[in-house]
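Residue-level structure breakdown
Take a look at the letters that make up each chain.
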Amino acid sequence: YVKTKKASSMLAKGAALLALSSGAAAFMSPMPAPAMRFAPRVAGHAGATLRTGTVILSSSLRSSLHVGMVDSRVANSPVCAPQKPDARTAFGPALAKTLGAALVISLASVLVFNAPAFAAAKIVAAPAVTWWSDAKLWGFFGAIAGWGMSLAAIKDATTAGPEIISENMTFVMLIYSFLFAWWAWIVAPQNLLLCACHLANIGAQANQARRLVAYKLANGQGDEVSAMGSKAAMVVVGGTAAVIGGPALQGAMVAAKLGGLSSFAASAAGPFTVHFWAPMSKWLISGASFLDLKRPTDKISIAQYTALTFTGFFFTRYALLVSPVNYVLCSVNIALFTSSSIQLGRKIKADYF
């Protein structure tokens, strides 16, 4: 009986060792790469840690499962009982159950805990950013084109006479650059280069407006200067009223629950945000460009319209990559590209062909 008991103990230990080794193999088997697109959820379980996101079961829990099952089977078996049972009737069934339980748990630890995890895990690579989808790249080129407008105004101020300055385009450019400097500051991703270029353009266009006023006064066109001043005052008053009263009007429209109109008022790029009014100011540029289609070509600035053409081209794509996506900005730049390229073509044809 003593030999039988020792043999039973050795076999039980062997079964436990087999379970532990298979559990260790399951634990050390290759796990999904850490770049998986789901975060593990951590929950306490029987004094161990179970990460349900990547289905990683701690070795202590696995060991407790294997050894606990083996110990409970061995402890409850007649082999470890105080009495001396018949070895032929008690040892065989107990040993068979012990080995069976150990093998079942070992197999379960490999198949249940690991296989489904690998089958369900989907390693999703982050989408590659190409030149076509890089908002910062298109924003950079858009800013460079914007700098072209500022430099064009500076160039015209130093090399061209005030007679070529367009009154409509100059004052529209002032409003446009003010709104876009604000827009470039708050858009995502932030475009500081674009913001700086529009601040520079405000100074350049203000200087052009000063030169135009001085030119008109020198040529006895005081009435036109007065009309220009009245228009500028109306724009300033209207803009100030919109900034002050806009939030209250927006709240009233949203609270009125007017369906699509209320949703549009509350949207991130709606009519109460600079995301809406910056492109609307660009519509003014496009409109001013269309109004000047019959303007004599000797009064068209080739530098200014080259910059406007490239601005329309780059911003057409850039508007679809920023957050929030700005379809109004995209459409207006299509119009700006069209009108400015027509003016540029007229100028090039007249001067070089």
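About the criteria used
- Residues numbered from 1 in each chain as written.
- Predicted model: local features only at pLDDT ≥ 70, side-chain atom pairs only at ≥ 80, totals over all residues.
- Heavy atoms only, no water.
- Helix = DSSP H or I, 4+ residues; strand = E, 2+ residues; numbered from the N terminus.
- Buried < 20%, exposed > 50% of the residue type's maximum accessible area, 1.4 Å probe, protein only.
- Contact = heavy atoms within 4.5 Å.
- Areas by Shrake-Rupley, 256 points an atom, 1.4 Å probe, with all protein chains shown as cover.
- Expected span 1.5 Å × (residues − 1).
- Axes fitted to C-alpha atoms, helices over the stretch in contact; angles between N-to-C directions.
- Parallel < 35°, antiparallel > 145°, perpendicular 65-115°, else oblique.
- Left-handed = near helix turned anticlockwise from the far one by under 90°.
- Nonpolar A, V, L, I, M, F, W, Y, C, P; charged D, E, K, R; others polar.
- Patch = residues over 30% accessible without salt bridge, like charges linked within 9 Å, V, L, I, M, F, W, Y side chains within 5 Å.
- Salt bridge = Lys/Arg side-chain N within 4 Å of Asp/Glu carboxyl O.
- Lys, Arg positive; Asp, Glu negative; His and termini not counted.
- pLDDT = per-residue confidence, 0-100.

Things to note about the overall build of the protein
When helices and strands are counted, the protein shows twelve helices and three strands. Looking at the protein as a whole, 36% of its 353 residues qualify as buried. If you take every contact in the protein between residues at least 6 apart in sequence, the share linking residues at least 24 apart comes to 74%. Only carbon and sulfur atoms are counted for the fraction: they give 70% of the accessible area of the protein, which is about 19,300 Å².

Things to note about helix H7 (residues 192-218)
Across its 27 residues, H7 extends 39 Å between first and last C-alpha, which sits within 8% of the 39 Å expected from 1.5 Å per residue. Buried within H7 we find Leu-194, Cys-195, Cys-197, His-198, Asn-201, Ala-204, Gln-205, Gln-208, Ala-209, Arg-211, Leu-212 and Lys-216. Where the residues of H7 are buried, they touch helix H5 (135-159), helix H6 (167-186), helix H8 (222-255) and helix H11 (302-318). Where H7 ends, the next residue or the one after it, Gly-220, has phi of about 70 degrees, a positive value.

Thoughts on the packing of H11 against helix H12 (residues 327-352)
Orientation of H11 relative to H12, taken along the N-to-C sense of each, is 150 degrees, at an axis distance of 7 Å. With respect to H12, the element H11 is oriented roughly antiparallel. With respect to the hand of their crossing, H11 and H12 are arranged in left-handed fashion. Classifying every residue of the contact of H11 with H12 by side-chain character gives 13 nonpolar, nine polar and one charged.

What about a nonpolar patch on the surface?
Judged by side-chain polarity, Phe-178, Trp-182, Trp-185, Ile-186 and Leu-192 come together as a nonpolar surface patch covering roughly 560 Å² of accessible area. Within the element layout of this structure, Trp-182 appears in helix H6.

Quick word on unusual backbone geometry
Of note, the amide linkage connecting Ala-188 to Pro-189 takes the cis form, showing an omega dihedral of -5 degrees. By secondary structure assignment, the location of Pro-189 is in the loop between H6 and H7. Residue Pro-324 is reached from Ser-323 by a cis peptide bond, and omega for that bond is 0 degrees. Within the chain, Lys-257 stands out as a residue other than glycine whose phi angle is a positive 50 degrees. The residue Lys-257 is located in the loop between H8 and helix H9 (260-266) in this model. Exposure remark for Lys-257: the relative accessible area of 72% places this residue in the exposed category.

Focus on the pattern of salt bridges
Under the definition given, this model contains two salt bridges. A salt bridge links Lys-216 to Glu-224; its shortest N-O distance comes to 2.6 Å. Judged by relative accessible area, which is 11%, Lys-216 ranks as buried.

Points about the packing of H6 against H11
Contact pair H6 / H11: the axes reach a minimum separation of 15 Å and the direction vectors enclose 35 degrees. For the pair H6 and H11, the sense of crossing is left-handed. Two secondary-structure elements touch here, H6 through Met-169, Met-173, Tyr-176, Phe-180 and Trp-183 and H11 through Gln-304, Tyr-305, Leu-308, Thr-311, Phe-315 and Tyr-318. Across the contact of H6 with H11, the residue classes break down as nine nonpolar, two polar and no charged.

Things to note about the side chain of Arg-211
Structurally, Arg-211 can be placed in helix H7. This buried residue, Arg-211, is left without a salt bridge; Glu-163 holds the nearest opposite charge, at 6.6 Å. Not counting residues up to four positions away in its chain, the partners in contact with Arg-211 are Asp-156, Ala-157, Ala-160, Gly-161, Pro-162 and Ile-165.

Overview of the confidence of the model for the protein
Confidence in the prediction for the protein averages 74 pLDDT; 64% of positions are at 70 or higher. Scored below 50 in pLDDT, residues 20-75 shows 95 contacts in the model against residues more than four places distant or in partner chains. For the stretch residues 77-81, pLDDT sits under 50, and the model shows twelve contacts to residues farther than four places along the chain or on other chains.

Regarding the environment of Phe-180
In this structure, Phe-180 sits in helix H6. Residues Phe-180 and Ser-281, spaced 101 residues apart in sequence, show a C-alpha to C-alpha distance of 8.8 Å. In contact with Phe-180, other than residues within four places in its own chain, are His-198, Ala-278, Pro-279, Ser-281, Lys-282, Phe-315 and Leu-329.

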